[in-house]
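# A closer look at the structure
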Amino acid sequence: MHALAHAGASTLEGSPYVKVTGGMIGVFFAGAVFSLTTANPWLTAASVLSLPLYMALLWRKGETPVLLFAVSFQWLQVSAKVFHANVLGVPISDIGWWLGGSSPSIERAVWLGLIGLAVLAFGMRLGMRKLAPTGHAQAAEETRTFSVDRAFLLYLIGAAATAVVAQYAWIFGSVTQILLSAVAVKWVFFFLLGYLVIQRNERYLYFLAAIAIEFIGGIGFFSGFKTVLFVTLLVIVTVRYQLRPGVIVMGTVVLAALLVFGAAWTSVKNEYRNFLTQGEQTQTTVVSRSEQLGRLGELIGSLSWEDVQEGMEPLFIRIAYVDFFALTMDFVPEYRPHEGGNVWMESILHVLQPRVFFPDKPVLKSDSEFTMRYTGLFLASGDEGTSISIGYMGESYIDFGVPGMFVPIFMMGFFWGWLYAFFISRAQSAIFGYAFATALLIEAYQFEMAGIKMLGGVTMKFMVLALLLYFLEPRLRTWLEGGSAPARLARPSLAHGT
């Protein structure tokens, strides 16, 4: 059994972390040297050299790199503006943002963002410090007994069931959040299917069908389609963690698809959203699903390759999410004092009062209200169907300034690492551990996420997925093997490797 093999795997496989080779270090070092010729030399070099640090801290052999992905995507949000400025050949302070204007604190915000992400990554590493190697060879061997046909059927059933739950969860009042958290289990089934298909090198049409279902299902007011591409990338790197040519090609195809469709989406989204709401200033879709897909197809079909290329720049402007952090530093403490922990305390208290036990708990306001309070901006808010957040790092600065802001960031990283280790160590089969950890932490990539939503959402999802792992894994595992449900097996303790 996977759980019973932790201790033995530790001695058999040595370090669980992927070795950052001399060749990889050389590539990054060369990139850092070249960075010194750009318009923002030291900031660019620091951005380039941050990536191998994250890899060394978080990339574990044959395990889902969901934590590495979370930090790396946030790195892109922090550093994208630097690379954009370099392409234009100007200092970062000369680059505006999607609402116009710029901030004198933008360079400082990028530096603090990079430091904050390193602190977050160190916290994650410490949170899973006792997690022994899972044995990627053993994980691959376990899947040989699983039926790919049954895995595809499991995914289809799960996708249909969670779609119904997501559609009607809002009518159940105080348990709505619990039901919405349970929707994440579809990513468990998707990950299982993808892992089996790629590991066994068979039934690729099953996985492509699942990708298509999730991609189409994710099209709507927001760009939900990107999640399936993110999870697909994680599946590929989990199975093929060695950076061989075939892996690089597969990963590049997924990234290219995400980039191209992201640019196309950026070009048409304003017109498309106006169609979805029929001109109303809300985030409520009032047209049928077929009309949604038909209209989006028309808009994208009308784009030329030049239109897609032109959409790249606004796409990267939107990906960059360090401006609100900079504007917060312009405003706090000069116009509004630091809060001394009140922001994070409110988030924690909100989490400790689940709506199922506190049905009168007030609904969260639009994030725009908070952002306007601590930046001095005037933004579209809840009445216009808009919610614009500062992000958890900016909130940490509002509470404690520098360097105190890094304390809650480190603690959050530790919590993320602990959650990851929980699922990897509790699962009786390695692949289930990878799948559940991915389903839980896939949303942790958002630099812009407000702390109260990130902490509350992940905590509720953790409790729901932990229960599902406990009750479902033995039965699903046996069913995938073609047998009947076994008696419940003893669960290992959180002292990983024991």
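Residues numbered from 1 in each chain as written. Predicted model: local features only at pLDDT ≥ 70, side-chain atom pairs only at ≥ 80, totals over all residues. Heavy atoms only, no water.

### A look at the overall build of the chain
In terms of helices and strands, the chain carries 21 helices and 0 strands. Sequence separation of at least 24 residues holds for 77% of the intrachain contacts in the chain that already meet a minimum separation of 6. Taken as a whole, the chain presents about 21800 Å² of accessible surface, with 65% of it coming from carbon and sulfur. (Helix = DSSP H or I, 4+ residues; strand = E, 2+ residues; numbered from the N terminus. Contact = heavy atoms within 4.5 Å. Areas by Shrake-Rupley, 256 points an atom, 1.4 Å probe, with all protein chains shown as cover.)

### So, the packing of helix α4 (residues 66-88) against helix α5 (residues 106-127)
Between α4 and α5, the shortest axis-to-axis distance is 9 Å and the interhelical angle comes to 170 degrees. Relative to α5, the element α4 is oriented roughly antiparallel. Together, Leu 67, Val 71, Gln 74, Trp 75, Val 78, Lys 81 and Val 82 of α4 and Ile 106, Val 110, Gly 113, Leu 114, Leu 117, Leu 120 and Met 124 of α5 make up the contact between the two elements. (Axes fitted to C-alpha atoms, helices over the stretch in contact; angles between N-to-C directions. Parallel < 35°, antiparallel > 145°, perpendicular 65-115°, else oblique.)

### What about the side chain of Glu 63?
Structurally, Glu 63 can be placed in the loop between α3 (41-58) and α4. In this structure Glu 63 comes out as buried when scored by relative accessible area, which is 1%. Side-chain polar atoms of Glu 63 contact the side chain of Arg 60, separated by 2.8 Å. Contacts of Glu 63, omitting those with residues within four sequence positions, involve Leu 131, Ala 132, Thr 134, Thr 238, Tyr 420 and Tyr 434. (Buried < 20%, exposed > 50% of the residue type's maximum accessible area, 1.4 Å probe, protein only. Polar contact = N/O pair within 3.5 Å; in protein donor to acceptor, adjacent residues only side chain to side chain.)

### As for a nonpolar patch on the surface
Residues Val 164, Tyr 168, Ile 171 and Phe 172 make up a contiguous nonpolar surface patch of roughly 450 Å² in combined accessible area. As for its placement among the helices and strands, Val 164 is situated in helix α7 (residues 148-168). (Patch = residues over 30% accessible without salt bridge, like charges linked within 9 Å, V, L, I, M, F, W, Y side chains within 5 Å. Salt bridge = Lys/Arg side-chain N within 4 Å of Asp/Glu carboxyl O.)

### So, the pattern of salt bridges
The full count for this structure, using the stated rule, is 9 salt bridges. Of the charged contacts, one joins Arg 200 and Glu 202 as a salt bridge, the two residues approaching to 3.4 Å between their closest N and O atoms. On the basis of relative accessible area, Arg 200 is assigned to the partly exposed category, the value being 23%. Salt bridges linked by common partners bring Asp 149, Arg 200, Glu 202 and Arg 203 together as one network.

### As for the packing of aromatic side chains
Counted under the stated rule, the structure contains 30 aromatic pairs. Judged by centre distance (5.9 Å) and plane angle (15 degrees), the ring pair of Phe 423 and Phe 436 falls under stacked. A residue pair is termed long-range when its members are at least 10 positions apart, and Phe 423 in helix α19 (residues 406-426) and Phe 436 in helix α20 (residues 430-441) qualify at 13 residues. The same class applies to Phe 423 and to Phe 436, which are both buried. Three or more aromatic residues joined by ring pairs form one cluster here, namely Trp 418, Phe 422, Phe 423, Phe 436 and Phe 462. One residue, Arg 295, lies across the ring of Phe 275, its end atom 6.0 Å from the ring centre. Positioned over the ring face of Tyr 374 is Arg 336, at 5.8 Å from the centre of the ring. (Phe/Tyr/Trp six-rings, centres within 6.5 Å; stacked < 30°, edge-to-face > 60°. Lys NZ or Arg CZ within 6 Å of the ring centre and 35° of its normal.)

### Describing the packing of α3 against α4
With their axes 10 Å apart at the nearest point, α3 and α4 run at an angle of 170 degrees to one another. Taken as axis vectors, α3 and α4 run roughly antiparallel relative to one another. Taking contact as the criterion, the partners of Leu 43, Thr 44, Ser 47, Ser 50, Leu 51, Tyr 54, Met 55 and Leu 58 in α3 are, on α4, Leu 67, Leu 68, Val 71, Ser 72, Trp 75, Ser 79, Val 82, Phe 83 and Asn 86. Classifying every residue of the contact of α3 with α4 by side-chain character gives 11 nonpolar, 6 polar and no charged. (Nonpolar A, V, L, I, M, F, W, Y, C, P; charged D, E, K, R; others polar.)

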